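Structural overview for review
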Amino acid sequence: MSRITAARGGELRCKGWRQEALLRMLENVLENGENQKELIVYASLGKAARNWPSYRAIVDTLKNLEEDETLVIQSGKPIGIFRTHRQAPLVVMANCNLVGRWATSENFYELQDKGLIIWGGLTAAAWQYIGSQGVIQGTYEIFQSIARLHFGGSLQGRFILTAGLGGMGGSQPLAGTMAGAAILCVEVAEERIDKRISAGYLQRKTASLDEALAWIEEAKGSGEALSVGLLGNAADVYPELLASGVLPDIVTDQTSAHDLLYGYIPSGYTPAAAAAARKTDPAGLQEAAGTSIAAEVGAMLEFKERGAVVFDNGNNIRSQAVKYGIANAFDIDIFTEAFLRPLFARAIGPFRWIALSGDPQDIRTIDEYILREFSDNEIVSNWIKLANIHVPVEGLPARIGWFGHRDRSRLALAVNAMVREGKLSGPVAFSRDHLDAAAMAHPNIMTERMKDGSDAIADWPLLNAMLNCSSMADLVAIHSGGGGYAGYMTSAGVTIVADGKEESDLRLRTALDNDTGLGVLRYADAGYEESLDEVERKGIARIDTRRHEEIVAD
Ligand code: NAD
């Protein structure tokens, strides 16, 4: 079977651009994914479709789907086509949702092996993954926030230690150098290191810790930004660095620690040995992975004790460490609460757009528009200037930009007009990560220590998905966690296509504004000042039940 890549150019295979857009996005997640043969996109097991027959059936259906029909997908498998109406979503999907008490990794693996369910990642099964770029601005904003909070505004001459150069973790070296730091990334699989070097995300590689440290020291001394991939196991390297007295300025990890069976490779195992043990001794493999994580997190805690800024970058490593005896693993901060919550409270988050023509010039034209029209938006202007220089094209040209309420729709409407006027060479799809204000409940990542204690309430992403359907989005997805994330999270994804038609203005405005509007209200409901301010400033129709308390008391 030939390798799948996303179609480019102006030729339609579907009955309209909205359907063609979704088909290209599905192809694009596979083009950018980590293991196409297994349909695995990222996050160790995050898949684009249930299996190859399902993939073929989805492609076939999208090619024949009418604009007034909706395709229903359950865990990556197409189930049926329903007559709806022209403003209804073309695709709705629910991936990996297990009933509460049954949402365990054991049940997930069993159902996965029976071919009944998949872990869709956040953006894999929802066809929204755009390569490592998808989280790069998030990682960059974390580093910027740390620079402001701890290092006088700059990471020049600072040393970041991290691990994992997979689908998402692969963004770390580039985000680190964009922030001006010297960054050491420990990765156990050499081909992942090579993939990031060839994609332009990573600069150097070595299998020698001494050589890596010498390069890092030199870069720190000269203030040069540098990224180094070290072939090794984080469970060995972190304690070794600690023992030798090396103290990085910032320490984190983005291995697939959430999954002990398919993700984290234990000390003493190669990826191939772990794959073999998965079949012959799964319990032993999981035990070894848990013990290794405990060693790594133990070292992270000691780095923190010695003065490093240490944080969890969204891979459940602390929960795993607790299970394996590190009782104080949660002394390590989660990145959302520590660095990004004030942005999410205003519904500023990982918005993204994809040039369906495949022409990188379309992204550059949109960049120019943003720099002209959003010059007062510091976060976005700074990012677009940097991204334009540093972020290479992966798959269909795409850009991530942390826009907030109404700014997303303002950009999308302008882009829709550019498509209509022929200023871009094809339509553009708008989407976002599921790690967005209204879209994710994950008490150990997104919603840890919410002000009102509402961490585990999954109503918000469910409401988000329903509202996105009512708001005329093109694709709406509800995901829950699989593998090591089973029982940990629920999220919602959304995609809307700017095909240049005037009727799409209404869809873009309604879907994008309601998506972020609910995000602001989610945080306002939890009592965040930034959100209450945003409600006032943007005139969001919030219902404040406190006003009625006095009446009820009377
Ligand atoms: P991936 O499976 O594509 O890559 C994980 C990488 O870690 C692989 O290259 C693997 O070889 C390497 N690895 C595993 N064990 C190792 C060890 N002991 N030492 C060194 N390297 C090791 O996963 P991904 O898509 O890069 O995601 C990584 C983690 O980040 C996942 O848990 C994912 O859920 C999480 N994530 C967080 C965010 C966020 O917003 N912060 C976003 C996306 C993903």
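The protein carries the name Urocanate hydratase in an unreviewed UniProt entry, which gives Paenibacillus sabinae T27 as its organism. In the Pathway (unreviewed entry) part of its UniProt record, the protein is described as follows: "Amino-acid degradation; L-histidine degradation into L-glutamate; N-formimidoyl-L-glutamate from L-histidine: step 2/3." Its UniProt record, at the heading Sequence similarities (unreviewed entry), says of the protein: "Belongs to the urocanase family."

A look at the overall build of the protein
Tallying secondary structure elements over the protein gives 19 helices and 18 strands in all. Compactness check: the protein gives a C-alpha radius of gyration of 23 Å against a globular reference of 24 Å for 554 residues, within 12% of the reference. Taking the principal axes of the C-alpha coordinates as reference, the protein spans close to 65 × 60 × 55 Å. The buried share of the protein, reckoned over its 554 residues, is 62%. Surface exposure of the protein reaches about 20400 Å², of which carbon and sulfur atoms provide 51%.

What about the site of the ligand?
Among the 31 residues in the neighbourhood of the ligand, the closest are listed as A43, S44, E187, H258 and Y485. R192 places a polar side-chain atom, nitrogen or oxygen, 3.2 Å from an oxygen atom of the ligand. Within the side chain of Q254, an N or O atom sits 3.5 Å from a nitrogen atom of the ligand. In the complex, 94% of the free accessible area of the ligand, which totals 860 Å², lies under the protein chains. In the shell around the ligand, the residues fall into 13 nonpolar, 15 polar and 3 charged.

Some points on the pattern of salt bridges
In total, this model carries 40 salt bridges according to the counting rule given. The salt bridge partner of E421 is K423, with a shortest N-O separation of 2.9 Å. Assessed through its relative accessible area of 48%, E421 is described here as partly exposed. Owing to a relative accessible area of 53%, K423 belongs among the exposed residues under this scheme. The network of salt bridges with common partners includes R18, E67, R86, D474, K501, E503 and R507.

A short note on the pairing of strand 5 (residues 91–95)
Of the two faces of strand 5, only one is covered, namely that formed by V91, M93 and N95; the face formed by V92 and A94 stays uncovered. The pairing of strand 3 (residues 69–74) with strand 5 spans 4 bridges and is parallel. Its bridge partner lying in strand 5, Q74 is registered against A94. Note: strand 5 against strand 17 (residues 475–480), 5 bridges, orientation parallel. The residue of strand 17 that forms the bridge with M93 is A477.

Observations regarding the packing of helix 4 (residues 133–150) against helix 14 (residues 378–390)
At a minimum axis distance of 12 Å, the contact between helix 4 and helix 14 shows a crossing angle of 115°. Taken as a pair, helix 4 and helix 14 cross one another with a handedness that is right-handed. Together, I136, Q137, Y140, E141 and Q144 of helix 4 and I379, N382, W383 and L386 of helix 14 make up the contact between the two elements. Counted by class, the contact of helix 4 with helix 14 contains 5 nonpolar, 3 polar and 1 charged residues.

Thoughts on the sheet that holds strand 7 (residues 182–187)
Reading across the sheet, the 7 strands line up as 8-9-7-6-10-11-12 and stay open at both edges, with parallel pairing between neighbours. Each end of this open sheet is capped by a strand with a single partner; those strands are strand 8 (204–206) and strand 12 (333–334). Across 5 bridges, strand 6 (residues 159–163) lies against strand 7 in parallel orientation. Paired with F159 across the strands is A182, a residue of strand 7. Helix-sheet contacts for helix 7 (residues 209–222) involve strand 6, strand 7, strand 8 and strand 9 (226–231), and the interaxial angle to strand 9 is about 170°.

What to know about the UniProt feature "domain: Urocanase C-terminal" (unreviewed entry) in the protein
Taken from the UniProt record, the annotation "domain: Urocanase C-terminal" (unreviewed entry) applies to residues 342–536. A distance of 16 Å separates the end C-alpha atoms of residues 342–536, which is 45% helix and 18% strand.

Focus: unusual backbone geometry
Residues other than glycine seldom take positive phi values, yet A43 does so here, at roughly 55°. Mapped onto the elements, A43 comes out in the loop between strand 1 (40–42) and strand 2 (46–47). Residue classification places A43 among the buried residues on the basis of a relative accessible area of 18%.

What counts and how
- Once a new chain begins, its residue numbering starts again from 1 and follows that chain's sequence as written.
- Per-residue local features of the predicted model are confined to residues with pLDDT of at least 70, and side-chain atom pairs are confined, for both listing and counting, to 80 or more; whole-chain, interface and lining totals are unaffected and use all residues.
- The side-chain quantities take in all heavy atoms of the structure and omit both hydrogens and water.
- UniProt positions are given in the numbering used here, feature names are shortened, and annotations may be inferred rather than shown by experiment.
- What counts as a helix is a DSSP run of H or I of at least four residues, what counts as a strand is a run of E of at least two, and both are numbered from the N terminus.
- The globule rule is 2.2 Å times the number of residues to the power 0.38, and the radius of gyration it is compared with is taken over C-alpha atoms.
- Only protein chains enter the accessibility calculation, which uses a 1.4 Å probe. A residue is then buried if its area is under 20% of the maximum for its type, exposed if over 50%, and partly exposed in between.
- Here the Shrake-Rupley method, with its probe set to 1.4 Å, supplies the accessible areas, and only the displayed protein chains count as covering residues.
- The near set for a molecule or strand comprises every residue that places at least one heavy atom within 4 Å of it.
- Throughout this description, a polar contact denotes any pair of N or O atoms lying within 3.5 Å of each other; where both atoms belong to protein, one of them has to be capable of donating a hydrogen while the other can accept it, and for residues adjacent in sequence the pair is counted only when both atoms sit in side chains.
- Amino acids outside the nonpolar list (Ala, Val, Leu, Ile, Met, Phe, Trp, Tyr, Cys, Pro) and the charged list (Asp, Glu, Lys, Arg) are all regarded as polar, and Gly is one of them.
- Note on definitions: salt bridges are taken to be side-chain nitrogens of Lys or Arg within 4 Å of carboxyl oxygens of Asp or Glu.
- We treat two strands as partners when DSSP finds at least two bridges between them.
- Axis definition: a line fitted to C-alpha atoms, over the contacting stretch in the case of helices. Angles run 0 to 180 degrees between N-to-C directions.
- We call a crossing left-handed when the near helix sits turned anticlockwise from the far one by less than a right angle, and right-handed when that turn is clockwise.
- Contacts were defined at the residue level, with two residues in contact if any of their heavy atoms lie within 4.5 Å.

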